[in-house]
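# Examination of the molecular architecture
Residues per chain, in single letters:
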Amino acid sequence: MSTEFVGKSVKRVDGVKKVTGSLKYVDDLKMSKMYYTAIKRSPYPHAKILSINLEKAKELKGVKDIITGDLFTKRGGLYLQDKNFLAVGKVRYRGEAVVAVAAITEEIAHKAVSLIEVEYEEMPAVTNAVEGMKPGAPLVHPDLGEYKVAPVFFPVPGTNISNHYRLRKGNVDEAFEKADHVVENKFYIPHIQHTPIENHVAIAQAEIDGTIQIWASCQSPFAVRQAISHDFDIPMNKVRVMSPAVGGGFGSKGGTTLEGILVPLAQRNPGHPIKLTYSREDEFQNAYVRQGLHATIKTGIMNDGNIIAVQNEFIWDGGAYNEYGVNIAKAAGYASSGPYDIENVWTDSYCVYTNHPVGGPYRGFGMGEMHFGIEQNMDILAEKVGISPVEIRRINGMRPGGVTGTGEVVEVAGLQECLEIVAERLKVEEKEAPSAPHKLRGKGIASGWKAPSMPNTAASSAIIKLNEDGTAHLMVSAQDIGQGSDTIMTQIAAEVLSISPDKITIRTGDTDHTPYEWQTVASRITYSAGRATYEAAMDAKNQLIELAQIKLGVYGRDLELKDGFIVAKYHPEKRVSIASLAIGLVFDDGSAVHGPIIGRGAFIPPNIRDADKETGLGDHPVAFWTYGVQGVDLEVDTRTGKVDILRVISCFDVGKVMNPQLLEGQVEGAIMQSLGTALFEELMLKDGKVLNPSFVDYKIPTSEDMPEMEIYFVENPEETGPFGARGVAEPAMVPAAPATANAIFDATGIRMYTMPMTAERIYEALKQKGVSK
Amino acid sequence: MKQLINFKLNGEEVEHYAPLNRTLLKMLREDFDLTGAKEGCGAGECGACTVIMDGVAVNSCLVLAAELDGREVTTIEGLSMDGKLDPLQVAFVNEAALQCGYCTPGMIMTAKVLLKNNPQPSEDEIKEGISGNLCRCTGYKKIIEAIQSAADKYQAENE
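Since this is a predicted model, take the numbers as computed values, not measurements. (Residues numbered from 1 in each chain as written. Chains lettered and ligands numbered in written order. Predicted model: local features only at pLDDT ≥ 70, side-chain atom pairs only at ≥ 80, totals over all residues. Heavy atoms only, no water.)

### Some thoughts on the overall build of chain A
If you tally the helices and strands in chain A, you get 18 helices and 30 strands. Expected size for 773 residues packed as a compact globule is a radius of gyration near 28 Å; at 27 Å, chain A falls within 12% of this value. Along the longest, intermediate and shortest principal axes, the C-alpha atoms of chain A span 95 × 70 × 50 Å. Each of the 773 residues in chain A was classed as buried or not, and the buried ones make up 65%. Taking all contacts inside chain A whose residues are at least 6 apart in sequence as the whole, residues at least 24 apart take part in 79%. For chain A, the accessible surface area stands at approximately 27,000 Å², while carbon and sulfur atoms represent 50% of it. (Helix = DSSP H or I, 4+ residues; strand = E, 2+ residues; numbered from the N terminus. Rg over C-alpha atoms; globule rule 2.2 N^0.38 Å. Buried < 20%, exposed > 50% of the residue type's maximum accessible area, 1.4 Å probe, protein only. Contact = heavy atoms within 4.5 Å. Areas by Shrake-Rupley, 256 points an atom, 1.4 Å probe, with all protein chains shown as cover.)

Right under this line is the structure:
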């Protein structure tokens, strides 16, 4: 299909606002009568709250209100209702919010917090998920059995296991008996933090009539509305959530975080906007973090290179509240075969409560962590049977007609095409000379896959209003968190209506004025909100054609939209402008019909069914799979252990390249984020304490870490997506880290089983191997 | 304690009473409603608050009001005062050198100073020049390309 706007590098519709600094993010909003919030936080990872003394804080001039958790004891949460916004009875991680103060300035609020005295009784803490799973471990949530939970998750009451996901396909025991080689390895992936450059921030304001407005830097205004409505028993028509702009999310602003602290303060102080802005230190400790993972992966292979069985145990360190994290254990569980067609699969994936910062969604949703092990095991197996890393993926990698771990037969899988492109561009089997005698050079590849990890009912909607001059307004609640969705949605509408993108203004993120969107997560926005936008534009188009056929006396089937007109295909001189029909069709006698044209689009992914509860098997458990391969060429300095990434080659099957320039940017950013996790990012935790809550001690990649990047795509269409598109923002961050590990092995002969692969760890390993002195 | 300070802000002389311990960033955002400079860390680690002071790119979260007297400050808002975008701003849009946009104002201000001091920087010089400005979205590649493209544009304008 030839397209005019889709598939072109249309410039970002939010570009000028962002380069001029005129776009207002939540922290930029200034309102009259504003109160500022500061939080008294727990100094202990696990402790009973014995008493809270607010007297001195209350006396401080400028303090307007102080609240504690015992005033709001109703628990909430996205999938598992285990969370209060302020601690009730006890604290479960160091940094948990205990008391919230509202004052006329931020300084006074902080001063007041320092005057609050809380008496605690420390309790034994769970600071390791593996230990925490064992019988007799201290219980982080002794009442787990009473918590409400969505029926697709399986908490184990009386333990710290908040979800035990099981996958049982075939017979792994028999297959391991039969296998020519069996390898079993353990991998550890530590917690990391998203570090959007914009910290979390929200403002809430209530009125005496019971309405409440929330401005939040959030990925999912409707999920916030749902949570606030539920937790505080406010009908949804009285809650308005707006997300004016988001300065990066990567998952950390999915779900609901600090908004719930502000709602009761707002209700108690009607007419006053109540604001809370996280510091960078808060961001590291008190926003979501990526869960840690202890993975054990056992794989059986035949001498001909066929993998016949895999058995996984994933133990996720979910932190103090797992309301969102339970789904990471599930998503990793059903994807646990990796992008390979393997007959026998057994997986136990446990989400475990610990007294660590709260684990939550992070770009990749378990895939980046899990593939670090899966993809290294692939290379280890290849070596065992004497084939190349490319060959083992050729033999086992998913193809159309292949079967996933849950028993789903996949119709579309571009993995093999991606593999050949990356192998060829990287010249993966050619040894290249290092740049200096003290350096070792190596290359590695890794595959990856991911499905949108979302409920079966994750829905989207869109509205298009045509204006009297033939321009249009598009309304969706997909949030542009940087990924470029405002531009992509605009391109889709422009394509269907055949008007240029600059004639369309997009509005997002206001639950009172933009239509329902489940969440901006899961790499599902181009796919799902894009499809809703497509449907809305088609609806508007069909209305235009209905009117035009009366006006022009030409059958609708012979009409098309072109450059702002409805045109007769075979008699192009017969045409009528969109502008003249935008508010209805006017007849020669001056009368009119129809009224304004408003296109409505709704989408819910078709036919996604729950998997079997006992076995995890299911023939269509996800909307689609995105496949890709990345390759890394690097050098290791034997004097220091430092890794220099020279080149990264990436290829993903995106279904349809909607905007080449923005898509490249997504993948480049994903690669750098993945390399950060591979080489240096780690939230250092000791006895529940975050030791490095700053950019000085927690390094993220800078411009000087950037390698050469070559970005390729293949396009096997996803038939339910708009123009064939599927998601890629998360999948693109999955393979680079394991590809780095495989390249380090290629260079040094050393297997790294732990992320990050820091210079120190590599140097120690090189010393043990006798390579470095 | 507040003190009167006189300085030039985006080309205009201003007189302003400010507490001496107030940071330039806070003053710009709270007192002058110039919210283009962002606070990402408040400790000079991320560069999101970068503005130009006397021709030097500074983290405005580390500059105190008391240091401002007699100085000249340019913020991102000062780059398009006449309603026309600076070539760097145009290049950032054209090269898609931004995603969420939160680091963008600081990044552009750093690039502005970089190109003033070194009108034709190499790729490595650009990488070094912007290494104090963190971006979590783009992977930096398109930012570097935008700065190169703006450098060419400035060069062409000056010829």
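Once the structure has been displayed, the description carries forward.
### What about the domain arrangement of chain A?
Residues and elements named next belong to chain A. Along its sequence, chain A is organised into domain 1 (34–123 + 200–277), domain 2 (292–400 + 423–454 + 610–769) and domain 3 (457–603). Placing the centre of domain 1 and that of domain 2 at their C-alpha centroids yields a distance of 36 Å. Contacts between the two partners involve 18 residues from domain 1, matched on the other side by 20 residues from domain 2. Between domain 1 and domain 2, roughly 1,700 Å² of surface is buried when both sides are summed, and carbon and sulfur atoms account for 57% of that area. Here domain 1 and domain 2 share 1 salt bridge between them. (Domains from an automatic or database assignment. Buried area = accessible area lost by both parts, 1.4 Å probe. Salt bridge = Lys/Arg side-chain N within 4 Å of Asp/Glu carboxyl O.)

### Comments concerning the interface of chain A and chain B
Opposite the 52 residues of chain A that make contact, chain B presents 46 residues. Each partner contributes to the roughly 4,000 Å² buried at the junction of chain A and chain B, and carbon and sulfur atoms together form 55% of this total. Between A:Glu107 and B:Lys26 there is a salt bridge; the shortest N-O distance is 2.7 Å. At the junction of chain A and chain B, the tally comes to 33 residue pairs in polar contact (both at pLDDT 80 or more). Elements with a contribution of two residues or more to the side of chain A that touches chain B: helix H1 (15–19), helix H3 (106–115) and helix H16 (660–679) of chain A. Examining the composition of the side of chain A that touches chain B, we find that 9 residues originate from one element, H16(A), more than from any other. (Polar contact = N/O pair within 3.5 Å; in protein donor to acceptor, adjacent residues only side chain to side chain.)

### Here's the deal with the sheet that holds strand E21 (residues 565–568) of chain A
Residue and element names in this part refer to chain A. Pairing within the open sheet is antiparallel, and its 3 strands lie in the order E20-E21-E22. On the outer flanks of this sheet lie strand E20 (559–562) and strand E22 (575–577), each paired with one strand and no other. Across the sheet, the axes of successive neighbouring strands diverge by a mean angle of 25 degrees, strand direction being ignored. Relative to E21, E20 runs antiparallel, the two sharing 4 bridges. Looking across to E21, one finds that Lys562 is bridged to Phe565. Contacts between helix H14 (residues 525–552) and the sheet are confined to E20, E21 and E22, with E20 contributing the most and set at about 115 degrees to the helix. (Pairing = 2+ DSSP bridges. Axes fitted to C-alpha atoms, helices over the stretch in contact; angles between N-to-C directions.)

### Some details on the confidence of the model for chain B
On average, residues of chain B score 96 in pLDDT, and 100% of them reach the 70 mark or higher. Two summary scores accompany this predicted model of the complex, namely pTM at 0.98 and ipTM at 0.99. (pLDDT = per-residue confidence, 0-100.)

### Topic: the side chain of A:Lys439
Topologically, A:Lys439 is positioned in strand E16 (residues 439–450). Ignoring any residue separated from it by four or fewer positions in sequence, one finds A:Lys439 in contact with A:Pro434, A:Glu635, A:Val636, A:Asp637 and A:Asp644.

### Some remarks on the nonpolar core
In this structure, A:Ile566, B:Phe92, B:Tyr140 and B:Ile147 are the most contacted members of the largest nonpolar core, which totals 215 residues. Residue contributions to this core peak at 12 residues, all from H14(A). (Core = buried A, V, L, I, M, F, W, Y, C linked by side-chain atoms within 4.5 Å.)

### Re the pattern of salt bridges
Taken as a whole, this structure holds 51 salt bridges over all chains when the rule is applied. When the shortest N-O distance is used, the salt bridge between A:Lys74 and A:Asp233 registers 2.7 Å. Note that A:Lys74 is positioned in the loop between strand E3 (63–68) and strand E4 (90–91) and A:Asp233 in the loop between helix H6 (221–231) and strand E11 (239–242), a separation of 159 residues in sequence. For A:Asp233, a relative accessible area of 58% corresponds to the exposed category. With a closest N to O distance of 3.9 Å, A:Lys439 and A:Asp644 form a salt bridge. Taken as a pair, A:Lys439 in strand E16 and A:Asp644 in strand E27 (residues 643–653) lie far apart in primary sequence, 205 residues in all. Overall, the relative accessible area of 17% leaves A:Lys439 in the buried class. Since its relative accessible area comes to 28%, A:Asp644 is described here as partly exposed. Salt bridges here are not isolated pairs; linked through shared partners, they connect A:Asp27, A:Asp28, A:Lys275, B:Arg29 and B:Lys38.

### A word on the pairing of strand E12 (residues 274–277) of chain A
Residue and element names in this part refer to chain A. Strand direction decides the pairing type here: strand E1 (residues 35–41) and E12, joined by 2 bridges, are parallel. If you follow Tyr35 over to E12, its bridge partner there is Ile274. Strand direction decides the pairing type here: strand E9 (residues 201–206) and E12, joined by 4 bridges, are antiparallel. Following the sheet pairing, Ile203 is matched in E12 by Lys275.

### Things to note about helix H1 (residues 24–31) of chain B
Residues and elements named next belong to chain B. Residues Leu24, Leu25, Met27, Leu28 and Arg29 constitute the buried set of H1. Residues of H1 that are buried in the fold lie against strand E1 (2–9), strand E2 (12–19), strand E3 (50–53) and strand E5 (72–74). Of the residues one or two after H1, Asp33 is the one with positive phi, at around 55 degrees.

### Here's the deal with the environment of A:Gly601
Residues and elements named next belong to chain A. Relative to the assigned elements, Gly601 resides in strand E25 (residues 598–603). Sequence separation between Gly601 and Ala522 is 79 residues; the distance between their C-alpha atoms is 21 Å. Those residues in contact with Gly601 that lie beyond four places of it in its chain are Ser460, Ser461, Ala462, Ala532, Glu535 and Ala536.

### Concerning the packing of aromatic side chains
Scanning all chains against the criterion turns up 21 aromatic pairs over all chains. Aromatic side chains A:Tyr25 and B:Tyr102 sit 4.8 Å apart centroid to centroid with 85 degrees between the ring planes, which places their arrangement in the edge-to-face category. Residue A:Tyr25 is found in the loop between H1 and E1, and its partner B:Tyr102 is found in the loop between helix H2 (87–94) and helix H3 (104–117); the two belong to separate chains. Take A:Tyr25 and B:Tyr102: they sit in the same class, and that class is buried. Between the aromatic rings of B:Phe7 and B:Phe32, the centroid separation amounts to 6.1 Å while the plane-to-plane angle is 85 degrees, which identifies the pairing as edge-to-face. With B:Phe7 in strand E1 and B:Phe32 in the loop between H1 and E3, this residue pair connects regions lying 25 residues apart in the sequence. Classification of B:Phe7 as buried rests on a relative accessible area of 1%. Ring pairs connect the aromatic residues A:Tyr79, A:Phe153, A:Tyr288, A:Tyr324 and A:Phe365, which therefore count as one cluster. (Phe/Tyr/Trp six-rings, centres within 6.5 Å; stacked < 30°, edge-to-face > 60°.)

### Digging into the sheet that holds E11(A)
Working definition: the strands of a sheet are paired by backbone hydrogen bonds and lie parallel or antiparallel to each other. Residues and elements named next belong to chain A. Overall, mixed pairing links the 7 strands, which are arranged E3-E5-E1-E12-E9-E10-E11 in an open sheet. In this open sheet, the two strands that pair with only one neighbour each are E3 and E11. Each neighbouring strand pair of the sheet contributes to a mean axis angle of 20 degrees, computed without reference to strand direction. The strands that H3 touches are E1, E3 and strand E5 (97–103); relative to E1, the one it contacts most, it runs at about 25 degrees. Along the sheet, helix H7 (residues 259–268) makes contact with E1, E3, E5, E9, strand E10 (212–216) and E12, crossing E9 at roughly 25 degrees.

### Let's talk about a nonpolar patch on the surface
Residues and elements named next belong to chain A. A cluster of nonpolar side chains, contributed by Ile550, Phe587 and Val593, occupies part of the molecular surface with about 230 Å² of accessible area. Within the element layout of this structure, Val593 appears in strand E24 (residues 592–593). Relative accessible area serves as the criterion here: at 34%, Val593 is assigned to the partly exposed category. (Patch = residues over 30% accessible without salt bridge, like charges linked within 9 Å, V, L, I, M, F, W, Y side chains within 5 Å.)

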